[in-house]
Amino acid sequence: MSHHHSSSSDYDSQSHLQTDLPTVFSQPSIPSLPSLNSNPAHHQETLPAAHHQCLATLKGHTSYISSLNLAGKLLYSGSDKEIRLWKGSSFDSEIDHSNNVVAVGKGKVKSLVVLEDKLFSAHQDHKIRVWKINNQESDQQKYTRVATLPTLGDRACKSLLPRNQVQIRRHKTCAWVRHVDTVSALALSSDESLLYSVSWDRTIKIWRTNSFKCLESVANAHEDAINAVALSDDDSVYTGSADKNIKVWRKSSKESKHFLVATLQKHNSGINALALSTDGSVLYSGACDRSIVVWEKDGGGDMVAVGALRGHSQSILCLAAVSDLVFSGSADKTIRIWRGAGRSYSCLAVLEGHRGPVKCLTATIVHYSTTDSSYLLYSGSLDCDIRVWQINVPLR
């Protein structure tokens, strides 16, 4: 399945640092969808711009940042093979960060998820690794790897029976518990008992977080590499793929297997990122067509595209939704901050400073009142830097 690696959505070759993708400009933005931010002059009267400043640039990674995860005051970042830990107090850019590598795996770290004292990392070498978080304050705080998924026991008991084998090439089979291509994204169920992984091998796998056992594999979930997964509190599962589709999955109570509920089709290029609003009623999807499509639940609970957010000049690579804000990072090296609801959104700010495409984002709300709100936003880029931004939004 090596053809997935050339997908323009993946940005996994260092050569992208030097060259912009020619395909991005040639792809038209979705003509069938109205722009929700079509009249900026009108919105500026009602929504004041956000104030923003870059508090720090965190340096230390020697290859590009492919994943970020915020756990309380701790920021985890993944790049080629290594995971680094940044503490809130260490956001002073003068500090030496050469000793903050907490874990080293194999292949690019595509996604990070923290659950209590465990850190799950998804890798380009087709594996998911589980690390025991070391809370000691010493400088040498290497994390211990407690498992690699699928576990040896899981693989062994599944590989003996022919019915547990799936064909991956014409003359090659393997146990269904194994991913056979890059694991691109991870997400936790609302009760944190299940970990969902998606891969360029076009499968979704569901793992138990306490025993690390693989419970289910949805084969051929998409026609092409799956790049993103998002879970809502009602345990609807959204997957976004290079095949231009978003699929919605739910678990049937009788068989506890996942089934396809809907296929959302509006993008005309590969989907790179998904984010859900806090209450799960709005889904945002970002793609190579430079648009963020806004999907809202209709009366029957189905997701319907209400329009698109436009402004980026190249592919949308990552999204984060916090409170009533949506952050988007793009191959155009900028981050945009959006706020709105229904048919009316505005771009509150454009953050510039990265020297390469913005590959991953994570954000948290710091303060919320009747007059204003403030956020911390972390952005990781192909320029190998992480930037820490403070955003202040006056409320209307």
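All values reported here derive from a predicted model rather than from experimental measurement.

What counts and how
Residues numbered from 1 in each chain as written. Predicted model: local features only at pLDDT ≥ 70, side-chain atom pairs only at ≥ 80, totals over all residues. Heavy atoms only, no water. Salt bridge = Lys/Arg side-chain N within 4 Å of Asp/Glu carboxyl O. Helix = DSSP H or I, 4+ residues; strand = E, 2+ residues; numbered from the N terminus. Buried < 20%, exposed > 50% of the residue type's maximum accessible area, 1.4 Å probe, protein only. UniProt positions renumbered as here; feature names shortened; annotations may be inferred. 1 Å grid on protein atoms, 1.4 Å probe; cavity = no way out; pocket = protein on both sides within 12 Å on 5 of 7 lines; lining within 4 Å. Points joined across faces, edges and corners; volume = space filled by probe spheres on them. Nonpolar A, V, L, I, M, F, W, Y, C, P; charged D, E, K, R; others polar. Pairing = 2+ DSSP bridges. Axes fitted to C-alpha atoms, helices over the stretch in contact; angles between N-to-C directions. Contact = heavy atoms within 4.5 Å. Patch = residues over 30% accessible without salt bridge, like charges linked within 9 Å, V, L, I, M, F, W, Y side chains within 5 Å. Areas by Shrake-Rupley, 256 points an atom, 1.4 Å probe, with all protein chains shown as cover. Lys, Arg positive; Asp, Glu negative; His and termini not counted. Charge placed at Lys NZ, Arg CZ, Asp CG, Glu CD. pLDDT = per-residue confidence, 0-100.

Quick look at the pattern of salt bridges
Then comes step 1: This model, assessed by the stated rule, comprises 7 salt bridges.
Then comes step 2: Note that lysine 59 and aspartate 385 form a salt bridge whose closest N and O atoms lie 2.9 Å from each other. With a gap of 326 residues between them, lysine 59 in the loop between strand E1 (51–58) and strand E2 (67–71) and aspartate 385 in the loop between strand E28 (372–381) and strand E29 (386–394) connect regions that are remote in the sequence.
Then comes step 3: Look at lysine 59 and you get partly exposed, because its relative accessible area is 48%.
Then comes step 4: The buried category is assigned to aspartate 385, whose relative accessible area is 5%.
Then comes step 5: Here the salt bridges do not stand alone but share partners, grouping Lys59, Arg355 and Asp385 into one network.

Side note on the UniProt feature "repeat: WD" (unreviewed entry) in the protein
Then comes step 1: The feature "repeat: WD" (unreviewed entry), as annotated in UniProt, sits at residues 58–87, 176–217, 219–259, 264–296 and 309–338 in this numbering.
Then comes step 2: Secondary structure over residues 309–338 splits into 0% helix and 60% strand, and the C-alpha atoms at its two ends are 8 Å apart.

Regarding the layout of surface pockets
Over the atoms, a rolled probe matching the size of one water molecule traces out where space is still vacant.
Then comes step 1: As a volume, the largest pocket reaches approximately 1,600 Å³.
Then comes step 2: Looking at the lining of the largest pocket, the elements that each hand over two or more residues are E2, strand E5 (101–115), strand E11 (183–188), strand E15 (226–231), strand E19 (271–276), strand E23 (316–322) and strand E27 (358–368).
Then comes step 3: The greatest single-element share of the lining of the largest pocket, amounting to 7 residues, is contributed by E27.
Then comes step 4: Split by residue class, the lining of the largest pocket holds 28 nonpolar, 16 polar and 6 charged.

Concerning the sheet that holds strand E20 (residues 282–287)
Then comes step 1: Taken in spatial order, the 4 strands make up an open sheet running E19-E20-E21-E22, and their pairing is antiparallel. Since the sheet does not close on itself, it has two edges, and those belong to E19 and strand E22 (303–309), each with one partner. Within this sheet the neighbouring strands show an average axis-to-axis angle of 25°, counted without direction.

Thoughts on the sheet that holds E11
Then comes step 1: With respect to topology, 4 strands assemble into an open sheet ordered E11-E12-E13-E14, the strand pairing being antiparallel. Every other strand in the sheet has two partners, leaving E11 and strand E14 (214–218) as the edge strands with one partner each. Neighbour-to-neighbour, the strand axes of the sheet open up by a mean angle of 20°, direction not taken into account.
Then comes step 2: Note: strand E13 (residues 204–208) against E14, 4 bridges, orientation antiparallel. Of the residues in E14, the one forming a bridge with isoleucine 204 is valine 218.

So, the environment of valine 294
Then comes step 1: Mapped onto the elements of the fold, valine 294 is located in strand E21 (residues 292–297).
Then comes step 2: The spacing of valine 294 and alanine 341 is 47 residues in sequence and 9.6 Å in space, taken between C-alpha atoms.
Then comes step 3: Apart from residues lying up to four places away in sequence, valine 294 is in contact with Leu36, Val282, Leu283, Tyr284, Val304, Ala305, Val306, Gly307, Leu309 and Tyr345.

Focus on a positive patch on the surface
Then comes step 1: Judged by side-chain charge, Lys106, Lys127, Arg145 and Arg178 come together as a positively charged surface patch.
Then comes step 2: Following the sequence through the fold, lysine 127 ends up in the loop between strand E6 (118–123) and strand E7 (128–132).
Then comes step 3: Take lysine 127: its relative accessible area is 32%, and that puts it in the partly exposed class.

Let's talk about the confidence of the model for the protein
Then comes step 1: Chain-level pLDDT for the protein is 86 on average; 82% of the residues reach the 70-or-more range.
Then comes step 2: Predicted confidence for residues 1–10 stays below pLDDT 50, and this span has 32 contacts to residues more than four positions away or in other chains.
Then comes step 3: Across residues 40–45, where pLDDT falls below 50, the model places 5 contacts with residues more than four positions away in sequence or in other chains.

Examining the pairing of strand E17 (residues 245–251)
Then comes step 1: Counted residue by residue, E17 has 5 buried out of 7 residues, so it is predominantly covered.
Then comes step 2: In this sheet, E17 lies alongside strand E16 (residues 237–241) in antiparallel orientation, the contact comprising 4 bridges. By the bridge assignment, glycine 240 is partnered in E17 with isoleucine 246.
Then comes step 3: In sequence, E16 turns back onto E17 through a hairpin of 3 residues, with lysine 244 there showing a positive phi of about 80°.
Then comes step 4: Two strands pair when backbone bridges link them, and E17 and strand E18 (residues 258–265) are joined in this way by 7 bridges, in the antiparallel orientation. From the neighbouring strand, valine 248 faces E18, where its bridge partner is alanine 262.
Then comes step 5: In sequence, E17 turns back onto E18 through a hairpin of 6 residues, with serine 256 there showing a positive phi of about 50°.

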